[in-house]
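Per-entry structural report
Below, each chain spelled out in residue letters.
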Amino acid sequence: MAIDLDRIRSRYESFDDYKIEHLALNEAKNLRPEVVEILKSEISKRGMSSVLLEGINIQLRKITQAEVDRWISAIRRLKCPRCGLQHQPLTGGMIRRVTSYILFTSTLNRPVILCENCLNKKRTDAAFSTLLFGWWGFPMGLINTPISLIRSLRDRNRTTQLDQEILTALVVQNRGVIIAANDNPNKLQHLIDSFNRSI
Ligand SMILES: [Zn+2]
């Protein structure tokens, strides 16, 4: 065990600051307590910002509903990552799309956070695309196209619940990054942009 920890300590010593910051703000919740201590002492040794320690601590303690609500409100006030406007609060929703290439079918079910206009447009585009290009892959296109369209319709009946689930999952998963952002809209914006990137 001691050898194991020594090895981790020297690995952390070899990481550049960016990697240490990433570990502190994103991965601390998955680390063993003794490894967290190694990470904290590496941060102190390098004289890195104490905000990283706050980012670690928020991942290790129980968070309150009030904190989750506050973080969600901060996210809602950001600019829409697609249209760049700030005219509507950001909303979470699912994009579902099936695309077939005769023998190969790809199925996408992915949460996004956008303004309501952009979310509606994205969902409608995905449904049209599924109708046009989903069904002609055999057999999965034929099977997955109606499933995807039915799920999209169901999503429309539970938009509030989906929105809350998606935003809660985002802020809980990224609480280290959010605390370190300290309500800085640019840093929060970066988080949302990355969340939507693969769409
Ligand atoms: Zn928008």
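Structure's up top.
Residues numbered from 1 in each chain as written. Predicted model: local features only at pLDDT ≥ 70, side-chain atom pairs only at ≥ 80, totals over all residues. Heavy atoms only, no water.

**Quick word on the coordination of the zinc ion**
- Coordination sphere of the zinc ion, protein contribution only: C80 (SG), C83 (SG), C115 (SG) and C118 (SG), at 2.3 Å.
- Around the zinc ion sit four donor atoms; with metal-centred angles ranging over 105 to 114 degrees, the donor geometry is tetrahedral.
- Considered as a linear motif, the donors of the zinc ion on their single chain read C-x2-C-x31-C-x2-C. Here C83 is found in the loop between α5 (65–76) and β1 (91–101), whereas its partner C118 is found in helix α6 (residues 116–133), with 35 residues between them in sequence.
- Using a relative accessible area of 32% as the deciding quantity, one classes C83 as partly exposed. (Donors = N, O, S within 2.8 Å, 3.2 Å for Na, K, Ca; no water. Tetrahedral: all angles 85-135°; square planar, octahedral: opposite > 155°, others 65-115°. Helix = DSSP H or I, 4+ residues; strand = E, 2+ residues; numbered from the N terminus. Buried < 20%, exposed > 50% of the residue type's maximum accessible area, 1.4 Å probe, protein only.)

**Regarding the environment of S100**
- Mapped onto the elements of the fold, S100 is located in strand β1.
- For S100, a relative accessible area of 3% corresponds to the buried category.
- For S100 and L132, which are 32 residues apart along the polypeptide, the C-alpha to C-alpha distance reads 9.5 Å.
- Not counting residues within four places of it along the chain, the set of residues in contact with S100 comprises T105, F133, G134, W136, G137 and G141. (Contact = heavy atoms within 4.5 Å.)

**What to know about the pattern of salt bridges**
- Applying the stated criterion across every chain yields a total of 12 salt bridges.
- Across the pair K45 and E13 runs a salt bridge, and its minimum N-O distance is 3.3 Å. One end of the pair, K45, is in helix α3 (residues 33–46); the other, E13, is in helix α1 (residues 2–14), with 32 residues separating them in the sequence.
- Assessed through its relative accessible area of 56%, K45 is described here as exposed.
- Given a relative accessible area of 41%, E13 falls into the partly exposed group. (Salt bridge = Lys/Arg side-chain N within 4 Å of Asp/Glu carboxyl O.)

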